[in-house]
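Close look at the chain arrangement
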Amino acid sequence: MKLICIIIVVFVLVIIVCSLLLNRIMFQTVKTVNQQNCHEQYADKNLRISFKSGKNLLNGYIYGTENKAGIVIISHGMGVTSDYYIPEVLWLVEHGYMVMAFDNTAYRDNQGRFCGISQAVYDLRAAIRYAEQYRLPITLFGHSMGGYAVCAVLNYADVTVDRVVSVAGFASIREMMHFYAVTNIKKFSSLIELLILIAQFICFGKVNKFTAIDGINKSDSKIVIAQGKNDKEVLCDTVSIYSKQEVLRRPNVQYLLFDDGIRSTHMGIVRGDADEIINESLLRKVIADA
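Here we summarise the structure given alongside this text. (Residues numbered from 1 in each chain as written. Predicted model: local features only at pLDDT ≥ 70, side-chain atom pairs only at ≥ 80, totals over all residues. Heavy atoms only, no water.)

Our next topic: the sheet that holds strand E5 (residues 138-143). By definition, the strands of a sheet pair up through backbone hydrogen bonds, in either a parallel or an antiparallel sense. What the eight strands build is an open sheet, ordered E1-E2-E4-E3-E5-E6-E7-E8; its pairing is mixed. If you trace the sheet from one side to the other, it starts and ends with strand E1 (46-53) and strand E8 (253-258), each paired once. Averaged over all pairs of adjacent strands, the angle between their axes in this sheet comes to 20°, without regard to strand direction. Pairing of strand E3 (residues 71-75) with E5 involves five bridges; the strand directions are parallel. Paired with serine 75 across the bridge in E5 is glycine 142. Each of E1, strand E2 (56-63), E3, strand E4 (98-102) and E5 touches helix H3 (residues 118-131); the most contacted strand, E1, lies at about 120° to it. (Pairing = 2+ DSSP bridges. Helix = DSSP H or I, 4+ residues; strand = E, 2+ residues; numbered from the N terminus. Axes fitted to C-alpha atoms, helices over the stretch in contact; angles between N-to-C directions. Contact = heavy atoms within 4.5 Å.)

What follows covers the nonpolar core. Counting 54 residues, the largest nonpolar core has Ile73, Met100 and Leu140 as the members making the most contacts within it. Take this core: its biggest share by element is eight residues, from H3. Core analysis: the second largest hydrophobic core is formed by 28 residues, Ile86, Ala168, Ile278 and Ile287 among them. (Core = buried A, V, L, I, M, F, W, Y, C linked by side-chain atoms within 4.5 Å. Buried < 20%, exposed > 50% of the residue type's maximum accessible area, 1.4 Å probe, protein only.)

Across residues other than glycine, the phi torsion is negative in most instances, and most of the peptide bonds are trans. Although it is not a glycine, alanine 106 sits at a positive phi angle of roughly 75°. Within the secondary structure, alanine 106 is located in the loop between E4 and H3. We classify alanine 106 as buried; its relative accessible area is 4%. Even without being glycine, serine 144 reaches a positive phi, approximately 60°. One can find serine 144 in the loop between E5 and helix H4 (145-152).

A word on the pattern of salt bridges. Under the counting rule described, the total for this entry stands at 10 salt bridges. For arginine 271, the salt bridge is made with glutamate 88, and the minimal N-O distance between the two is 2.7 Å. Here arginine 271 is found in the loop between E8 and helix H8 (280-283), whereas its partner glutamate 88 is found in helix H2 (residues 86-94), with 183 residues between them in sequence. Judged by its relative accessible area of 1%, glutamate 88 is buried. Arginine 284 is paired through a salt bridge with glutamate 280; the nearest N and O atoms lie 2.9 Å apart. (Salt bridge = Lys/Arg side-chain N within 4 Å of Asp/Glu carboxyl O.)

Okay, structure coming up:
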């Protein structure tokens, strides 16, 4: 009996260690230590800030500090940092908004370890708390992972915002992990998916069960769900928030589909690359009531 107990304990420990190691590989962050932080090129237009998310200190930038139309908080996608969205930031500033752009835990030179998508929700909640000091209407703008985070953060009872614009966001972490596993791994995809979910539960507990759908259904904020028809990373018809309209029949939710050209793709819905023209029709949804 004692031997059986030892074997079971060792087996469980091996599973836990394997899941945490796999999770660490899966969620490697963009550290870009040797690359220029593009926010520094606009030092005359922004104020560098820092705030706590749990025990970690996060860096961010406030643009348009004198603007009073409201404050827009940008939650970035996985694999990019907040300075990717500087063209959108500057457009919003020109239209009277203060904008807060920040990097998630462990991204660029931030402290801590990024253990999974739920970390983006934690960090966004901390950013909202920081932004509340300005006493302006708060709008959340998120893309991809950020598109999930800006809706999932609404599950917190203490989060109150005026507007949410979710761009190419997925509906739940579990669905997204399943899609990633069966699409990119194929062999042993079920095992890999299970190990990652175990690690996510260890790291985040019940927060890992937050879905964008539950957050939206708990909120009276004005919400815009934007999606590209030809998105290959967050499929329009399956894992996207946009695909869940049957369970999101709420008067405060508006849907926006881009079904042609570069705007219908995962990155192109925002801009595509640094040299392309911003998606002004999307950004106008951020300031729709201005």
